[in-house]
Amino acid sequence: MYIGNLNHSYRVESLHPAFKTLFEFVKGQDFNKLPMGKIVIDGDNLFIMNLDIEQGAQESTQPLEMHRKYIDVHILLDGTEKIGWKPIEEISNFTQKYDSDGDCALSDDAPRFFVEMKPGDICIVYPEDPHAPAINDGPIRKLIGKVKL
């Protein structure tokens, strides 16, 4: 898991060949003028989910999610969001086994810690990073970059 700010994204661009493309695309767009939902940058290799979330989950109810095919790059545009995290080695209870079509497994284990994100912050989560996103008390606007491994 990596936590940082979009202003310093150049520091992590070497971690995956598509990161630079993703961050340049995000920095060059006005997402208020783009449609909600999926925005394709490079087919299934790189796309963004443009999301407007009115009311998120609470810390105690948001499941941890895990992916195998994609790295998630959470980018907060507006509001305040918490993202929970726990190492995959400590997951003890799966509420949904891995579904390859949705690239997701779920667990109701409690996160070990939470990160509070503000506009401009980024959170990169790899397959070994079970995470509970969209924990918020009010509306948030965010992007989730999906980077194929």
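Residues numbered from 1 in each chain as written. Predicted model: local features only at pLDDT ≥ 70, side-chain atom pairs only at ≥ 80, totals over all residues. Heavy atoms only, no water.

Enquirer: Explain the overall build of the protein chain to me, please; I cannot follow it from the model alone.
Expert: Along the protein chain, the regular secondary structure elements total one helix and twelve strands. Along the chain direction, N to C, the helices and strands of the protein chain fall in the order β-α-β-β-β-β-β-β-β-β-β-β-β. Scaling as 2.2 N^0.38, a compact globule of 149 residues should have a C-alpha radius of gyration of about 15 Å, and the protein chain matches this with 15 Å. By principal-axis analysis of the C-alpha atoms, the protein chain measures approximately 40 × 30 × 30 Å. Residue burial in the protein chain is summarised as follows: out of 149 residues, 48% are buried. Here the analysis covers contacts within the protein chain between residues at least 6 apart in sequence; of these, 77% occur between residues at least 24 apart. Approximately 7600 Å² of the protein chain is accessible, and the part contributed by carbon and sulfur atoms is 49%. Of the charged side chains in the protein chain, 16 are positive and 24 negative, and the gap between their average positions amounts to 3 Å. (Helix = DSSP H or I, 4+ residues; strand = E, 2+ residues; numbered from the N terminus. Rg over C-alpha atoms; globule rule 2.2 N^0.38 Å. Buried < 20%, exposed > 50% of the residue type's maximum accessible area, 1.4 Å probe, protein only. Contact = heavy atoms within 4.5 Å. Areas by Shrake-Rupley, 256 points an atom, 1.4 Å probe, with all protein chains shown as cover. Lys, Arg positive; Asp, Glu negative; His and termini not counted. Charge placed at Lys NZ, Arg CZ, Asp CG, Glu CD.)

Enquirer: Any chance you could explain the pairing of strand β2 (residues 37-42) here in plain terms?
Expert: Side-chain direction in a regular strand flips from residue to residue, so the side chains alternate between the two faces of the sheet. For β2 and strand β3 (residues 46-53), the ladder comprises five bridges, and the chain directions are antiparallel. Note that in β3 the partner of Gly 37 across the bridge is Asn 50. (Pairing = 2+ DSSP bridges.)

Enquirer: Just to check I follow, could you spell out the pairing of strand β10 (residues 121-125) for this structure?
Expert: Burial within β10 is extensive, with five of its five residues counted as buried. Going residue by residue along β10, you find Asp 121, Cys 123 and Val 125 tucked away on one face and Ile 122 and Ile 124 tucked away on the opposite face as well. Inspection of the sheet shows strand β1 (residues 2-5) paired to β10 by four bridges, in the antiparallel sense. Directly across from Gly 4, in β10, lies its bridge partner Ile 122. Of the strand pairs in this sheet, strand β5 (residues 70-78) and β10 are connected by four bridges, and their pairing is antiparallel. In the sheet register, Ile 75 faces β10, and the bridge partner there is Ile 122.

Enquirer: I'm lost on helix α1 (residues 19-27) in this one. Help?
Expert: For the α-helix, the turn length of 3.6 residues means that residues three or four positions removed from each other point alike. Every buried residue belonging to α1 is among Phe 19, Leu 22, Phe 23 and Val 26, and all of these are buried. Viewed along the axis of α1, the buried residues span an arc of 90 degrees, placing them on a single side of the element. Elements that come into contact with the buried residues of α1 comprise β2, β3, β5, β10 and β12 (140-148). (Arc of directions from axis to C-beta.)

Enquirer: Explanation requested: unusual backbone geometry in the structure shown.
Expert: Most peptide bonds are trans, and most residues other than glycine sit at a negative phi. Residues other than glycine seldom take positive phi values, yet Asp 103 does so here, at roughly 50 degrees. Relative to the assigned elements, Asp 103 resides in the loop between β7 (94-99) and β8 (104-107). Notably, Ala 134 is not glycine yet its phi reads approximately 60 degrees, a positive angle. Judged by relative accessible area, Ala 134 falls into the buried class, the value being 12%.

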